[in-house]
Amino acid sequence: MSRNLLILGAAPNLGELRDTLVRLEDTIIFALIERSQFKHNSSIYEPGKMHFKDGYQGSFLSWFLKEVECVHARVRRYQSPDEYPFTDNLPEPVLAPLDYPPVLVDPSHININDEIFDAYVNTVVPGITVAGDDTNYGSSATRDIECLQALSRRIHYGKFVAESKFQDVRTHDEYVKCIKEQNRDRLMELLTNAPVEELLLKRLKAKAIIYGQDLSSASLDSNGTVNSGSVPLVAAVADCGEERVKTRVDYDLVVSFYRDYVIPLTKEVEVEYLLHRLDKE
Ligand SMILES: C=C(O[C@@H]1C=C(C(=O)O)C=C[C@H]1O)C(=O)O
């Protein structure tokens, strides 16, 4: 969320929040495309596989992520209510804190980055990379961190969405009743918007096909015009279904990852946020 909106203290506008989630689709798809250029390099995910002089026992990725987040913490990245670290015990910022207005109510206790990390490492990476080891460990981990940070931001945005729904006068009383009853299932029903999810998955497949196309020189004529014969149209793919368009990232995996992990984890964040929304009132 832009800081201006946070500074204004405006109640989160659901339409604007959804626009941000749509834009994060692009960030995530391109981050996955960037990671897919390297082989799986599974050793960077295995704790203890690499030796660290300070005796660190985690995986290379976890070590690199810790190093990156320490630097980002010093420039106050994690004081922003829409940023959540994967690493504990980060250093204090060198910059003075910004006065973010309390748009959210005590959001810091919800951090599901461990689940995001496991889903990404165990499901996404093997699905978007070729098996093998090309020794591009630093580059692979750099791309992994970009993917993880974008996924964390997207999923924890569920807090803003939940606050927006809680403040909606049309449903406020129902949310208050469910929260007082700690009715997790009813809260999930209330906050779920199936049409939005369905449209999202269709849009995501189209984006992954379009963004994932390799518009190499072979696809362009001397004028730089795209040779339509080599660029499968999304409609053609969508209509004929069984045709497997060759793209830089497996678009079916992108869709299934959102369906099976990103959306459910976002809703998990929404429910957890709402369950504690009245704790301090
Ligand atoms: C984020 C929202 O809440 C839920 C989660 C969604 C998602 O993760 O994409 C989409 C719709 C809702 O079921 C929303 O209503 O926009």
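Calculation rules
- Residues numbered from 1 in each chain as written.
- Predicted model: local features only at pLDDT ≥ 70, side-chain atom pairs only at ≥ 80, totals over all residues.
- Heavy atoms only, no water.
- Salt bridge = Lys/Arg side-chain N within 4 Å of Asp/Glu carboxyl O.
- Helix = DSSP H or I, 4+ residues; strand = E, 2+ residues; numbered from the N terminus.
- Buried < 20%, exposed > 50% of the residue type's maximum accessible area, 1.4 Å probe, protein only.
- Near = heavy atom within 4 Å.
- Polar contact = N/O pair within 3.5 Å; in protein donor to acceptor, adjacent residues only side chain to side chain.
- Nonpolar A, V, L, I, M, F, W, Y, C, P; charged D, E, K, R; others polar.
- pLDDT = per-residue confidence, 0-100.
- Contact = heavy atoms within 4.5 Å.
- Expected span 1.5 Å × (residues − 1).

Moving on to the pattern of salt bridges. Here the structure, examined in full by the defined rule, presents 21 salt bridges. A salt bridge links Lys207 to Asp26; the shortest N-O distance between them is 2.8 Å. Of the two residues, Lys207 sits in helix H9 (residues 194-211) while Asp26 sits in helix H2 (residues 14-35), which places them 181 residues apart along the sequence. Its relative accessible area of 11% is what places Lys207 among the buried residues. Between Arg35 and Asp144 there is a salt bridge whose closest N-O contact spans 2.9 Å. Taken together, the residues Arg35 in helix H2 and Asp144 in helix H5 (residues 137-156) connect sequence positions 109 residues apart.

Around the ligand, the structure places 15 residues, and the nearest of them are Arg18, Arg154, Lys165, Glu197 and Glu270. Side-chain polar atom of Arg154 to an oxygen atom of the ligand: 2.7 Å apart, as the coordinates give it. A distance of 2.8 Å is found between an oxygen atom of the ligand and a side-chain nitrogen or oxygen belonging to Lys165. At the level of elements, H2, helix H6 (158-167), H9 and helix H11 (251-275) are the ones that each hand at least two residues to the shell around the ligand. Of the residues forming the shell around the ligand, the biggest block, four residues, is contributed by H11. For the shell around the ligand, the class distribution of residues is six nonpolar, three polar and six charged.

Now for the confidence of the model for the protein. Averaged over every residue, the pLDDT of the protein is 89; residues scoring 70 or more account for 87%. Here residues 1-9 is a poorly scored stretch, pLDDT under 50, and it has 20 contacts once near neighbours within four places are set aside; other chains count.

Taking 1.5 Å of rise per residue, the 18 residues of H9 would be expected to cover 26 Å, and the 25 Å separating its terminal C-alpha atoms lies within 8% of that figure. Within H9, the full set of buried residues consists of Leu200, Leu201, Leu204, Lys207, Ala208 and Ile209. At the N-terminal end of H9, a side-chain oxygen is found 3.1 Å from the backbone nitrogen of Val196, two or three residues along, and the residue is Asn193.

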